[in-house]
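Below, each chain spelled out in residue letters.
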Amino acid sequence: MLRLYATVAAGGFRRHATYRVATAAGVFTNTVFGFVLSYTYIALWDERPQLGGYSVDDALAYVWIGQALITVCGMMGGGFEDELIERIRTGDIAVDLYRPADLQAWWFSAHAGRSAYQLLGRGVVPMAVGAFAFHFTLPSGPGGWLAFLVAVALGSTVGFAIWYLVAMSAFWLLDGQGVVQVAWLGGLFFSGMLLPLNVFPGALGEVARMLPWASLLQVPADVYLGKYVGWELAGAYAFQGCWALVLFGAGRAAQAAATRKVVVQGG
Amino acid sequence: MPFIELESLEKVFTVRVRGNAGLFRREKREVRAVDGISFAVERGEMVGYIGPNGAGKSTTIKMLTGILTPSGGRLRVAGIDPARERTRLAQRIGVVFGQRTTLWWDLPLKDSYRLMHRMYRIPDARFRENLDRCVELLELGELLDVPVRQLSLGQRMRGDIAAALLHDPEVLYLDEPTIGLDVVSKARVREFLRDLNTSRGTTVLLTTHDLTDIEQLCSRVMVIDRGRLMYDGELSGLHAVGESERLLMVDLERELPPITDVPGARFVRSEGPRQWLAFPATTSAAPLVAAVAAKYPLLDLSVREPDIEAVIAKMYGGTREERRESLR
């Protein structure tokens, strides 16, 4: 069965690799946004040095990590869920359901392949451009990079689990756009795409840092910046892992309920 | 034991409709998509499953594949309850939805076949053999490296049929496999299905709106309407049930009053010396011709077979009428 999901993941990778122009456009957009946010952050950190415990170099690294991971961890959606919702809406999901494979595992594999491609295709270049232009903080050696990649993999998994749950709602609502909008807005804010979560004051910050969206960008960025030392790193991974498990479970429950009760659209 | 067995199978959907009560009040209404259908299909049969739009054909197929759970009744395919053991059953069935595709849209056709190879855990030798056979018979050779999105509808359909057969399914469900295809593509698909059924003994259940599919492929046909089985039997038997008529066209020597004195025939219309008479499809034309020839100066004649389409249209129409009657 693992070979099947490996094949699905490889397919996910290659499917997106066929769209080179889209990749180039994405790289361009991420780079432009990276510059815009960088200058905004520079202005902010000029006024408030060490805001949220970040130096200006840390803050700039945070900006470019965000741009690199935007499609990998799905902070703002735009990933597999659009396709899945469309398949549920049109009834093409019937084709996925009669296969001798698990729906969630299938889509997770496709997402993993796609994310791997997005990380290489859309992550590396903006990050390199940003590093060249701003000389921001880099991880301490290969170990630091490796720790970061693990956090990214976990973040991407949590991102999948959140959006899978969102997509499942389409079985009941048929038009998933409303839920997608809410999830998009929630993701934008609570993932720390606008501002790092450690900048948020008081209770809002406390809550934001406990929510699953913190797994997508904040935790990988802090791992990158070396904010976790020793067992703290294991704790950060555990935080991501727990959310991944909980949300995967919820997704499975929703999937089971959907396939038991709900109408498969179309003739 | 029959290979496919349905006993009073039901599927009821609850739909909410906006009633007259107000903007936010919605009334619940039950739709009986499949309303107590029973039939059995033996291994190796090729059966047509026809009915108008919304008759419950696709709902039945979805229950047979296990992706919809029946609301009532009993259902077994190869001894398995599809909804409970969907994944186990999937190894033994093949499905082609004419209007949907199982192929990877963005990637070359052969990538989708590699996926099937893994998904159904097909032994390598068997996979090669089956793929080669499908490629040859469905003429897919030049298409294997083409991304699916660039295939024509006919090509894509052949690609989908091949994808459904690589794991040697014992039964193949086809939901409108020739929809939208041109005459040549239709013929090719039909020929392939006929060969599959005769040489491999694959059980085939076919839904279609194209009655030529049925006429050319299926010895048995089931007609459903409004979730109920209206007819189950040989295609030719439909005529008896549908009270269909054959048409006798006679050319007389000269223009004469309508022929109304021949028993068993009904005058339809005339055009100069030519007249049309209708008679039940189940009776022989010979005595009728003899009777006409005995009384009238007959020059020439021809008999037109009943149109199966008209028969079925009549059948659907009939059920609609009955329904309207019963509602009154």
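The coordinates are above.
Residues numbered from 1 in each chain as written. Chains lettered and ligands numbered in written order. Predicted model: local features only at pLDDT ≥ 70, side-chain atom pairs only at ≥ 80, totals over all residues. Heavy atoms only, no water.

K.L.:
Would you take a moment to explain the overall build of chain A for this structure?
P.N.:
Summing up its helical and strand segments, chain A has twelve helices and zero strands in all. Over its C-alpha trace chain A gives a radius of gyration of 19 Å, about what one expects of a compact globule, namely 18 Å for 267 residues. With respect to the principal axes defined by its C-alpha atoms, chain A has extents near 60 × 40 × 35 Å. The buried share of chain A, reckoned over its 267 residues, is 53%. Long-range pairs, those at least 24 residues apart, make up 79% of the contacts in chain A with a sequence separation of at least 6. Summed over its atoms, the accessible surface of chain A is roughly 11,400 Å², and 71% of this surface lies on carbon and sulfur atoms. With 15 positive and 15 negative side-chain charges, chain A shows a spacing of 11 Å between the two charge centroids. (Helix = DSSP H or I, 4+ residues; strand = E, 2+ residues; numbered from the N terminus. Rg over C-alpha atoms; globule rule 2.2 N^0.38 Å. Buried < 20%, exposed > 50% of the residue type's maximum accessible area, 1.4 Å probe, protein only. Contact = heavy atoms within 4.5 Å. Areas by Shrake-Rupley, 256 points an atom, 1.4 Å probe, with all protein chains shown as cover. Lys, Arg positive; Asp, Glu negative; His and termini not counted. Charge placed at Lys NZ, Arg CZ, Asp CG, Glu CD.)

K.L.:
Is there a simple way to think about the packing of aromatic side chains in this case?
P.N.:
Evaluation of the coordinates by the stated rule reveals 21 aromatic pairs over all chains. Aromatic side chains A:Phe35 and A:Trp64 sit 5.5 Å apart centroid to centroid with 85° between the ring planes, which places their arrangement in the edge-to-face category. With A:Phe35 in helix H2 (residues 20-47) and A:Trp64 in helix H3 (residues 56-74), this pair connects stretches of sequence that are 29 residues apart. Relative accessible area serves as the criterion here: at 26%, A:Phe35 is assigned to the partly exposed category. Pairwise contacts between aromatic rings join A:Phe80, A:Trp107, A:Phe108, A:Phe160, A:Tyr164 and A:Phe248 into one cluster. Directly above the aromatic system of B:Trp276 lies the positively charged group of B:Arg269, at a separation of 3.9 Å from the ring centroid. (Phe/Tyr/Trp six-rings, centres within 6.5 Å; stacked < 30°, edge-to-face > 60°. Lys NZ or Arg CZ within 6 Å of the ring centre and 35° of its normal.)

K.L.:
Got a minute to help me understand helix H9 (residues 177-190) of chain A in this structure?
P.N.:
Working note: α-helix, 3.6 residues per turn, so residues spaced by three or four point in the same direction. Residues and elements named next belong to chain A. In a regular helix each residue adds 1.5 Å, so 14 residues correspond to 20 Å; H9 covers 20 Å between its end C-alpha atoms and thus fits that length. Turning to H9, its buried residues number three or more, namely Val-180, Ala-183, Gly-186, Gly-187 and Leu-188. The elements touched by buried residues of H9 are helix H4 (80-90) and helix H7 (141-168). At the C-terminal side of H9, Gly-192 shows a positive phi close to 90°. (Expected span 1.5 Å × (residues − 1).)

Any functional reading would require information that these geometric values do not contain.
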